[in-house]
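Results of the structural survey
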Amino acid sequence: MLVEKPAAGAVERSSPKALNSEQYHRNLSSVLESADREVYRLLTKEYDRQQNTLQLIAAENQCSRAVLAALGSVVQNKTTEGFAGARFHGGCEVVDCLETLAVSRAREVFKAKYANVQPHSGTGANQIVITAILEKGDRIFSQAMDQGGHVSHGAPVSFAGKFFEVEHYCVRPDTFLLDYDAIREQALRFRPKLLICGASAYARTIDFARFRAIADEVGAYLMADISHISGLVAAGAHPSPVDHAHFTTTSTYKPGGPRGGLILMGRDSDTPFRMADGGRTMPLWERIEKNTFPGFQGTPCLNNITAKAVFFREMLSTEYRDWQFGIVENAKTLAEQFLRMGYDVLTGGTDNHMFLVNVANFRKGMTGFIAQHCLEDCGIIINQNRLPYDTHSARITSGMRLGTPIVTKNGMGHPEMHTVAQWVNDVLTRVEIQGDRQYHVDPAFQSGMKERVQELCAKFPMR
Ligand code: DSN
C-alpha cells in the first residue's frame with residue numbers, strides 16, 4: 001500500500017478533540033455571540049424587552065430554561081419520519097425514547113388514552129384532525145373568529161375556510177356568552193360533519209359535555225381546541241374535554257412549553273373510522289397518526305418533542321398546578337379592578353386566564369388600536385381585539401384582551417394586579433386621541449411610566 005508522506009516542512013495537523021455532550025452544549029449563548037453578533041444583539045434586545053415590560057398578551061407564555069435548553073440541542077439534527085418504533089431512517093433509538101417519553105407524559109398530564117406530540121403547532125394539529133376526517137367540501141361548524149373563535153377553525157382566509165363549507169356560531173349579543181340552545185338549533189339545520197369548540201377570546205367556562213351532546217345529535221365529530229386553556233385543564237382549573245371530544249388539540253407554547261402542537265384522544269380513540277374511498281376501517285387514533293405522517297407533515301421537530309417531554313414533566317408538578325390557579329385568580333382580580341374603575345369588561349369578568357374590555361365604551365374616540373399602541377409606548381404589552389358585534393374593523397377594533405399567565409409565572413399577585421390596572425387606566429385616561437389610529441402621549445408621562453413598569457418587572461424577574 002502506498003502511503004503518502006507529509007511534505008518536508010509541513011506541520012502535522014492534530015485532529016480536533018471530540019467534546020463531550022456537556023462541553024458541546026455549554027455556553028451556547030457565547031458561541032452565538034462570536035458567530036453572529038448581529039443576531040446575538042437582537043436576541044439580547046428581545047430578552048431585555050421581555051424582562052423590562054409587562055407581558056399581558058393572553059396567548060403568550062414563558063417557558064422554563066430547561067425547555068429552552070432542550071430546544072437548543074443536537075436532537076435538532078436528527079431526521080426521521082413515522083412514529084417511534086416504525087421509522088423510515090436509521091439511528092432513531094434515542095429519539096424514539098424521547099418521543100415515547102413525551103407521549104406517555106402527555107397522556108398522564110391530560111389523562112388521555114392517546115397523545116400525538118408531532119404537530120408543529122396548534123394550527124397544524126387542527127389541520128391534521130380536520131383533513132383526517134373530512135373530505136373536500138364537508139361541513140365544519142365553529143365559533144366565528146370575531147366572536148372569540150380561532151382563525152384555523154375555518155375563517156374564510158384560512159386553509160379550512162378554503163376547502164370546506166364552514167358555518168359559524170356566535171355568542172349572544174346581550175351577554176356575549178355561548179348560547180348552547182341556539183348552537184344546537186343551528187347545528188340541527190346545518191348538519192356539520194365536524195363541530196369545533198374552543199376559543200382564543202372567550203373568558204368563560206366552556207361546557208364540553210354540552211358540545212358533545214350537540215355533536216352526537218347531529219352525527220358530527222367534536223374537536224375541542226383548548227390551546228388557550230390547556231394549562232388550566234391540566235391543572236384542574238377548567239373542566240377537561242378529553243373524554244367528551246373525539247379530538248382535543250392544543251398548542252404547547254400557550255400553556256408555557258415549547259412551540260408546537262398536541263393531539264389528545266380519550267374514550268373515542270378506538271372508535272372505528274371508515275375511509276371515504278371505501279378503504280379499510282381503522283381506529284380513530286390510527287387515522288390521526290396516518291394523517292400526521294405521511295398525510296400532513298414530514299419530519300417532526302424532534303428537538304421540540306424533546307422540549308415537550310421536559311414541559312409535560314413540569315406540568316405534573318405542584319408548582320405548575322399552583323401557577324394555573326394563580327393565573328385565574330390574578331385574571332379575576334385584574335378584571336374586577338377594571339370593572340371597579342368603570343370599564344366595560346365583557347361578560348362581567350372571567351373564569352380563566354384572560355378577559356376582554358370594550359375600550360370604545362370607556363372614552364369617546366378610544367379604539368383597540370390606540371389602546372394597544374399607547375400602552376406599548378409605556379411598556380405595557382397587550383393586544384387589541386375585535387369584539388363580538390364590533391362596529392370597528394379588524395385593524396382598529398373596539399377591544400383589548402388582557403391575560404395573566406406570564407405576570408403570574410414571574411410571581412406577581414393581587415397587589416401587582418391592582419397596580420397594573422391603575423397604570424393601564426392612567427395611560428388610557430391620559431392619551432390624547434387624534435383619530436382612530438392617531439394619538440399622542442406626553443413624552444415625560446411616557447418615560448415616567450416606562451420607568452415604573454421596569455422597576456416593577458425588576459422585582460419579578462423572568463423565571
Ligand atoms: N391564537 C392567537 C391568539 O390568541 O392571539 C395566537 O396564536
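Higher on the page you've got the structure.
Our subject in this report is the structure included herewith. (Residues numbered from 1 in each chain as written. Predicted model: local features only at pLDDT ≥ 70, side-chain atom pairs only at ≥ 80, totals over all residues. Heavy atoms only, no water.)

There is a patch of nonpolar side chains on the surface, built from Leu19, Tyr24 and Val74 and spanning about 300 Å² of accessible area. Structurally, valine 74 is set in the loop between helix H4 (65-71) and strand E2 (82-83). For valine 74, a relative accessible area of 37% gives the class partly exposed. (Patch = residues over 30% accessible without salt bridge, like charges linked within 9 Å, V, L, I, M, F, W, Y side chains within 5 Å. Areas by Shrake-Rupley, 256 points an atom, 1.4 Å probe, with all protein chains shown as cover. Salt bridge = Lys/Arg side-chain N within 4 Å of Asp/Glu carboxyl O. Helix = DSSP H or I, 4+ residues; strand = E, 2+ residues; numbered from the N terminus. Buried < 20%, exposed > 50% of the residue type's maximum accessible area, 1.4 Å probe, protein only.)

In this section: the site of the ligand. Inspection of the region around the ligand gives Ala59, His150, Ser200, His228, Tyr253, Lys254 and Arg401 as its neighbouring residues. The contact in question runs from an oxygen atom of the ligand to an N or O atom on the side chain of tyrosine 253, over 3.0 Å. Contact distances for the ligand include 2.8 Å between an oxygen atom and a side-chain N or O atom of arginine 401. Protein contact buries 68% of the 240 Å² of open area that the ligand shows by itself. (Near = heavy atom within 4 Å. Polar contact = N/O pair within 3.5 Å; in protein donor to acceptor, adjacent residues only side chain to side chain.)

Within strand E10 (residues 261-265), 5 of the 5 residues are buried, leaving the element largely enclosed by the surrounding structure. Side chains Gly261, Ile263 and Met265 of E10 all project onto a buried face; the interleaved residues Leu262 and Leu264 project onto the opposite face, where all are buried too. Here strand E4 (residues 114-116) runs beside E10; their pairing, made up of 3 bridges, is antiparallel. Counterpart to asparagine 116 in the pairing with E10 is isoleucine 263. (Pairing = 2+ DSSP bridges.)

Turning to the side chain of lysine 409, a few remarks are in order. Inspection of the secondary structure assignment puts lysine 409 in helix H15 (residues 405-409). No salt bridge forms around the buried lysine 409; measuring N to O, its nearest opposite-charge neighbour glutamate 314 is 5.4 Å away. Setting aside chain neighbours within four positions, we find lysine 409 in contact with Gln62, Cys63, Ser64, Trp323 and Arg463. (Lys, Arg positive; Asp, Glu negative; His and termini not counted. Contact = heavy atoms within 4.5 Å.)

A few words on the nonpolar core. If you look at the biggest cluster of nonpolar residues, it comprises 56 residues, and the most contacted ones within it are Phe110 and Phe211. Here this core takes 7 residues from helix H12 (residues 302-315), the largest share from any one element. Excluding residues within four positions of it along the chain, phenylalanine 110 makes contact with Ile226, Ser230, Val233, Ala234, Val242, Leu262, Leu264 and Met315. (Core = buried A, V, L, I, M, F, W, Y, C linked by side-chain atoms within 4.5 Å.)

In this section: the sheet that holds E4. Each strand in a sheet pairs with its neighbour through backbone hydrogen bonds, running either in the same direction (parallel) or in the opposite one (antiparallel). Reading across the sheet, the 7 strands line up as E4-E10-E9-E8-E7-E5-E6 and stay open at both edges, with mixed pairing between neighbours. Each having just a single partner strand, E4 and strand E6 (165-169) make up the two edges of the open sheet. Averaged over all adjacent pairs, the angle separating strand axes in this sheet is 20 degrees, with direction ignored. Sheet strands in contact with helix H11 (residues 284-296) are E4, strand E8 (221-225), strand E9 (247-251) and E10, and its direction is about 5 degrees off that of E4. (Axes fitted to C-alpha atoms, helices over the stretch in contact; angles between N-to-C directions.)

As a further point, take the packing of aromatic side chains. This model, assessed by the stated rule, comprises 15 aromatic pairs. On the basis of an interplanar angle of 70 degrees and a centroid distance of 5.2 Å, the ring pair of phenylalanine 141 and tyrosine 169 is categorised as edge-to-face. In this pair, phenylalanine 141 sits in strand E5 (residues 139-143) while tyrosine 169 sits in strand E6, placing the two residues 28 residues apart along the sequence. Looking at tyrosine 169, the relative accessible area reads 1%, which means it is buried. An angle of 15 degrees between the planes, with centres 4.0 Å apart, marks the rings of tyrosine 343 and phenylalanine 362 as stacked. A residue pair is termed long-range when its members are at least 10 positions apart, and tyrosine 343 in the loop between helix H13 (318-340) and strand E13 (344-345) and phenylalanine 362 in the loop between strand E14 (354-358) and helix H14 (368-377) qualify at 19 residues. Residue phenylalanine 362 is classed as partly exposed on the basis of its relative accessible area of 23%. Each member of the aromatic cluster is reached from another via a ring pair, and the members are Phe141, Tyr169, Tyr180, Phe190 and Phe211. Its end group placed over the ring of tyrosine 253, arginine 259 keeps NZ or CZ at 3.5 Å from the ring centre. (Phe/Tyr/Trp six-rings, centres within 6.5 Å; stacked < 30°, edge-to-face > 60°. Lys NZ or Arg CZ within 6 Å of the ring centre and 35° of its normal.)

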